[in-house]
Amino acid sequence: MATLKITSLQAENADFTIAAVTRYLAQRLRVSTEFIVEIPWQERESQLDAGQIQVAWLCGLPYVLKADRADPAIELLVAPVMRGARYGDQPVYYSDVVIRRDSRFSTFADLRGASWAYNEPGSHSGYNVVRYHLAMLGETSGYFGRVIESGAHQVSLQMILDGRIDASAIDSTVLEQEFRRDPAIRSKVRILETLGPSPIPPWVVQRNLSPDLRSNVRDLLLGMHQEPEGREVLANGQITRFAHVEDTDYDLIREMARLAESVGLQRRTLHGFAST
């Protein structure tokens, strides 16, 4: 293999972290690496599925869908443990239901009939966990008045700030990074409710990569927090360390999807979300 290709299917505000990790791996492995970011994320996912990209950071929902195929092409590599007391030094994250600070809403129940944005239907934090939450509430149709697919968590957040929609479920790590990039945002929004914790989006690797290289990449990532340069890279991305994870750690996401679909909240439809 001439070049180890690495990509992200996460929000773009994490790109600088993955780029830095890519450089770190190149230095320690003494191999050529390339961070694939210039093309749309859908094309990056297609290249991952085709085996043209060897390592990726992707959401937990697409991970379980790919892992559950008859002959999966990928396997788990590691998962990040984020900084912050709410994460409890575990590879988990949350979905924060965000509204404008001056909004009239006080509880999730107040959102009945409100306008809602989700990033895209392949997202656990923006879509799957919301389906599950509605299913647990016994709400299987017509909860929100209007639903929009925004295309990205940051777009959903901007739509809230602009008053174009009432609420959205935002990946907690994305939201926290947006607060760091623009501290003024924090004073303009409120977190109405938090859904989770859920297993955090993992890093995955192609199974057709040599066992030695897969093992070396995994070991380097797991040990990054023990090296000064590695700690700096992780700290800049608000990551404490990378942790070992098993496929069964993502069974919660499988169960959430199964339960939602069992009551008619199908993936890639708005059924159960909107009244229109």
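One structure accompanies this document, and this report is about it. (Residues numbered from 1 in each chain as written. Predicted model: local features only at pLDDT ≥ 70, side-chain atom pairs only at ≥ 80, totals over all residues. Heavy atoms only, no water.)

Some thoughts on helix 4 (residues 124–136)
- With 13 residues, helix 4 extends just 16 Å between its outermost C-alpha atoms, more than 12% less than the 18 Å of an ideal straight helix rising 1.5 Å per residue.
- Listed as buried for helix 4 are His-124, Ser-125, Gly-126, Tyr-127, Asn-128, Val-129, Val-130, Arg-131, His-133, Leu-134 and Ala-135.
- Of the residues flanking the start of helix 4, the one acting as N-cap is Ser-123, its side-chain oxygen 3.5 Å from the backbone nitrogen of Ser-125.
- Following helix 4 by one or two positions, Gly-138 adopts a phi angle in the positive range, close to 80 degrees. (Helix = DSSP H or I, 4+ residues; strand = E, 2+ residues; numbered from the N terminus. Expected span 1.5 Å × (residues − 1). Buried < 20%, exposed > 50% of the residue type's maximum accessible area, 1.4 Å probe, protein only. Polar contact = N/O pair within 3.5 Å; in protein donor to acceptor, adjacent residues only side chain to side chain.)

Quick look at the packing of helix 1 (residues 15–29) against helix 8 (residues 228–236)
- At their nearest, the axes of helix 1 and helix 8 sit 9 Å apart, and the two run at 165 degrees to each other. Relative to helix 8, the element helix 1 lies roughly antiparallel. Judged by the twist between their axes, the crossing of helix 1 over helix 8 is left-handed. Contacts between helix 1 and helix 8 pair Phe-16, Thr-17, Ala-20, Val-21, Tyr-24, Gln-27 and Arg-28 from the former with Glu-229, Gly-230, Val-233 and Asn-236 from the latter.
- For the contact of helix 1 with helix 8, the per-class residue count stands at 5 nonpolar, 4 polar and 2 charged. (Axes fitted to C-alpha atoms, helices over the stretch in contact; angles between N-to-C directions. Parallel < 35°, antiparallel > 145°, perpendicular 65-115°, else oblique. Left-handed = near helix turned anticlockwise from the far one by under 90°. Contact = heavy atoms within 4.5 Å. Nonpolar A, V, L, I, M, F, W, Y, C, P; charged D, E, K, R; others polar.)

As for the sheet that holds strand 8 (residues 167–171)
- Strand order across the open sheet formed by 5 strands is 7-6-8-5-9, with mixed pairing between neighbours. Two strands bound the open sheet, and with one partner strand each, they are strand 7 (146–149) and strand 9 (189–199). Averaged over all pairs of adjacent strands, the angle between their axes in this sheet comes to 25 degrees, without regard to strand direction.
- Examined bridge by bridge, strand 5 (residues 92–100) and strand 9 share 8 bridges and lie antiparallel to one another. Bridge pairing in strand 9 places Ser-95 opposite Leu-195. (Pairing = 2+ DSSP bridges.)

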